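Now for the letters of each chain:
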Amino acid sequence: MAANFWASSHYKQLMEQEEVDVVHSPDKEKGLTLDEFKLIKMHMANYIAKLAQSVKVRQRVVATAVTYMRRVYTRKSMSEYDPRLVAPTCLYLASKAEESTVQARLLVFYIKKQYNDEKYRYEIKDILEMEMKILEALNYYLVVYHPYRPLSQLLQDAGMTEMTQLSWGLVNDTYKMDLILIYSPYMIALACIYIATVLKEKDTTAWFEELRVDMNVVKNISMEILDFYDSQKILNEERISAAINKLALKP
Amino acid sequence: MSEADTHSIKLVADRYLKREVLGEGTYGVVYKAIDTQTGQVVAIKKIRIGQQKEGVNFTALREIKLLKELKDPNIIQLIDAFPHKGNLHLVFEFMESDLEAVIRDRNIVLSPADIKSYIQMTLKGLAFCHKKWVLHRDMKPNNLLIGADGQLKLADFGLARIFGSPDRRFTHQVFARWYRAPELLFGTKQYGSGVDVWAAACIFAELLLRRPFLQGSTDIDQLGKIFTAFGTPKPSQWPDMVFLPDYVEYTYLPAPALRSLFPTASDDCLDLLAKMFTYDPKARISVQQALEHRYFSSIPAPTRPALLPRPPRKGDSLNNRPLDLNANEGPTVLSPPRKSRRVMPQRERLEGHGHQGDKVDDHLYDVRQAASGNTGKSESMPMSVDFSVFGSRPPPRPTLNR
Ligand SMILES: Nc1ncnc2c1ncn2[C@@H]1O[C@H](COP(=O)(O)OP(=O)(O)O)[C@@H](O)[C@H]1O
Ligand SMILES: [Mg+2]
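Residues numbered from 1 in each chain as written. Chains lettered and ligands numbered in written order. Predicted model: local features only at pLDDT ≥ 70, side-chain atom pairs only at ≥ 80, totals over all residues. Heavy atoms only, no water.

A.B. asks: Requested: an account of the domain arrangement of chain A, with residues and values cited.
C.D. replies: All names here are of chain A. In terms of domain boundaries, chain A breaks down into domain 1 (16-143) and domain 2 (148-231). Summed over both partners, the interface of domain 1 with domain 2 comes to about 1100 Å²; 62% of that surface belongs to carbon and sulfur atoms. When the buried surface of domain 1 facing domain 2 is broken down by residue, Gln 17, Gln 59 and Arg 70 rank first, second and third, together holding 40% of it. Inspection of the region where domain 1 meets domain 2 yields two salt bridges. With its nearest N and O atoms 3.1 Å apart, the salt bridge here joins Lys 41 to Asp 178. Contributions of two or more residues to the side of domain 1 that touches domain 2 are made by helix 3 (17-20), helix 5 (34-55) and helix 6 (59-75). Ranked by the residues each element gives to the side of domain 1 that touches domain 2, the list is headed by helix 6, at eight residues. (Domains from an automatic or database assignment. Buried area = accessible area lost by both parts, 1.4 Å probe. Salt bridge = Lys/Arg side-chain N within 4 Å of Asp/Glu carboxyl O. Helix = DSSP H or I, 4+ residues; strand = E, 2+ residues; numbered from the N terminus.)

A.B. asks: Which residues make up the UniProt feature "transmembrane region" (unreviewed entry) in chain A, and what are the values?
C.D. replies: When the UniProt feature table is mapped onto this chain numbering, "transmembrane region" (unreviewed entry) sits at residues 180-199 of chain A. Between the end C-alpha atoms of residues 180-199 of chain A there is a gap of 23 Å, over a span that is 90% helix and 0% strand. (UniProt positions renumbered as here; feature names shortened; annotations may be inferred.)

A.B. asks: Describe the nonpolar core, listing the residues and the values that go with them.
C.D. replies: In this structure, Leu 91 of chain A together with Leu 99, Tyr 118, Phe 186, Phe 204 and Phe 230 of chain B are the most contacted members of the largest nonpolar core, which totals 194 residues. When sequence neighbours within four positions are dropped, the list of residues in contact with Phe 204 of chain B reads Ile 115, Ile 119, Cys 269, Leu 272, Leu 273, Met 276 and Tyr 295 of chain B. Val 12, Tyr 16, Val 42 and Ile 44 of chain B belong to the second-largest nonpolar core, a separate cluster that totals eight residues. (Core = buried A, V, L, I, M, F, W, Y, C linked by side-chain atoms within 4.5 Å. Buried < 20%, exposed > 50% of the residue type's maximum accessible area, 1.4 Å probe, protein only. Contact = heavy atoms within 4.5 Å.)

A.B. asks: How would you sum up unusual backbone geometry? Please name residues and give values.
C.D. replies: Between Ile 299 of chain B and the following residue, Pro 300 of chain B, the backbone shows a cis peptide bond with an omega angle of 0°. Positive phi is not limited to glycine here, since Tyr 140 of chain A has a value of about 65°. Residue position: Tyr 140 of chain A is located in the loop between helix 9 (124-137) and helix 10 (148-158). A residue is classified by how much of its surface remains accessible, and Tyr 140 of chain A, at 4% relative accessible area, is buried.

A.B. asks: So what's going on with the packing of helix 7 (residues 83-97) of chain A against helix 9 of chain A? Residues and values would help.
C.D. replies: All names here are of chain A. Interhelical geometry of helix 7 versus helix 9 gives an angle of 75° and a closest axis separation of 9 Å. In this view, helix 7 runs roughly perpendicular relative to helix 9, as classed from their interaxial angle. Of the residues in helix 9, those in contact with Leu 85, Val 86, Thr 89, Cys 90, Tyr 92, Leu 93 and Lys 96 of helix 7 are Asp 126, Ile 127, Leu 128, Met 130, Glu 131, Ile 134 and Leu 135. Grouping the constituent residues of the contact of helix 7 with helix 9 by class yields ten nonpolar, one polar and three charged. (Axes fitted to C-alpha atoms, helices over the stretch in contact; angles between N-to-C directions. Parallel < 35°, antiparallel > 145°, perpendicular 65-115°, else oblique. Nonpolar A, V, L, I, M, F, W, Y, C, P; charged D, E, K, R; others polar.)

A.B. asks: How would you summarise the coordination of the magnesium ion (ligand 2) if you had to cite specific residues and measurements?
C.D. replies: Residue and element names in this part refer to chain B. Protein coordination at the magnesium ion (ligand 2) comes from Asn 143 (OD1) and Asp 156 (OD), with a distance range of 2.2 to 2.3 Å. With Asn 143 in the loop between strand 8 (134-135) and strand 9 (144-146) and Asp 156 in the loop between strand 10 (152-154) and strand 11 (161-162), the pair connects residues that are 13 residues apart, well separated along the chain. Across the pair, exposure class does not vary: Asn 143 and Asp 156 are buried alike. (Donors = N, O, S within 2.8 Å, 3.2 Å for Na, K, Ca; no water.)

A.B. asks: Break down the UniProt feature "domain: Cyclin-like" (unreviewed entry) in chain A for me, with residues and values.
C.D. replies: All names here are of chain A. The UniProt feature table records "domain: Cyclin-like" (unreviewed entry) at residues 46-136 and 149-227. Counted over residues 46-136, helix gives 73% and strand 0%. Its end C-alpha atoms are 24 Å apart. In residues 149-227, the share of helix is 76% and the share of strand is 0%. The end C-alpha atoms are 25 Å apart.

See below:
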């Protein structure tokens, strides 16, 4: 599959961190900072994962939906594209693209169940309208590659399947960051394996050497993941709502 | 076109000048148009949205998703997509004709070199799909479009799928019946690129015979037609056959000489045909191997696309397909089917119901997987890493030596 990735639209669309970390002017004018921008995206990734659990779709669908959402915000502002509508719509679109369709009315049902907050409430017609806008924002590119398959493959080849649980969870957490827009899924998988083996104090220096990958990249990604866990310690709901409120979206 | 003209004529999405309707698709009309920005003639597929309250048509979405990844001279190019008045529009390069029109046109004589050229282009397009892990699943002559330059291109990816994950089970409700591989007719859920090879073989045979080769009227009849042509397969020939979900035993018929079915074909041609029509999908030749077969390197060389005979223009050759009911007696089913067979819509193409069945089938499988707590690997995996597993406090941050 790896050979496949390098010829894909996903590969061609990989961006630099600096390109991803751009707060669009309508949001900037409202005082949204880069940290808050990232925070909202992380919150929406969690929202997608929670909704996905209710409607029972595969992890792959969640990962694709979060990737769509993150790609949308490399091109569109949150002021124009309300994250609280974009998130469930991305899940809706990803479920179709990954061949496990979730009905829009089911999503709407669970959104209402999960959030009392009026501002999260959207109707089927809103989702269907937004679906078209998201397709456009994605420039109709829908195929996304994820670290899960290379992860399983690598762990199997290395005879380290006992690392699967931990590294799989780490991969899930990478979707709370923008890594999937910046690095190849293969490198993200390697970074997660690297962290897992360091945590479990397993020496894998020789194995990594044999892979002949750029260890600097693997370590950089690993650092970013660990930085992220550090930053999560000071995270709370209020900061998230404060950030979203700045956008002053729904009256 | 002058400035004034563009203002008086209504353009679709401020850009496309609408012309005549080209065909009615499964999920909307296809019409000819001129791109006023480039002057290029295009075909626009307008996808109906609305009725089912399920947004962008699932089949259309598949087509968009895969065509955006597939750029090849023998695959139809998706030039653009845009929403207009609530409908999604797909813009394709305009194609003058299709292979069905060529095969049907009694005024056209196809030389062995012409046939070689058409089937080679078909296989080239298919090889590119398979290289990208895409199964077309709807190979038939009218989905093979022919451009003004004579190039043949695979179109209609509404049933296509990525088959990267080997453990995923697919619906067998794919392909128009006459092009369906025997493993699909026996209900297999795990199949691969071999299904496209079988369909390509049917197209190959159709080019030689100038009529559809195996025209079954039901799934059981389709298998009967296949077994009449190539003999009832023995388990030694196809060991997995007897384990397929809808397997039924047929009376034994010996294989007639392939030469008797295709009297005019060369030896190389027959050899390749036989390899593509191999019963066991595991033993069936791959598209890439087929392209490397000596049939393509032996004389005559394939005709250059620009020199291929084609019907004058789209829609001009509506001669009726000559009737050939494959009237000879086929083998009969010996044992009763193990379970009642799925009722197939009596249509050439798996439209409407077929597509829906496909969707439901795939979706049901997901639901079943989810219900049985087996959502791929993810079910048993942590959603997130809870660092409390390492102790009551977050673990000391591991030091990574940079
Ligand atoms: N690019 C094109 N150029 C010219 N005609 C086309 C083109 N694409 C489709 N058509 C016409 O529209 C019809 C339906 O399109 P198709 O993609 O095959 O949809 P369906 O899923 O309904 O079979 C075709 O049979 C063909 O006549
Ligand atoms: Mg068609």
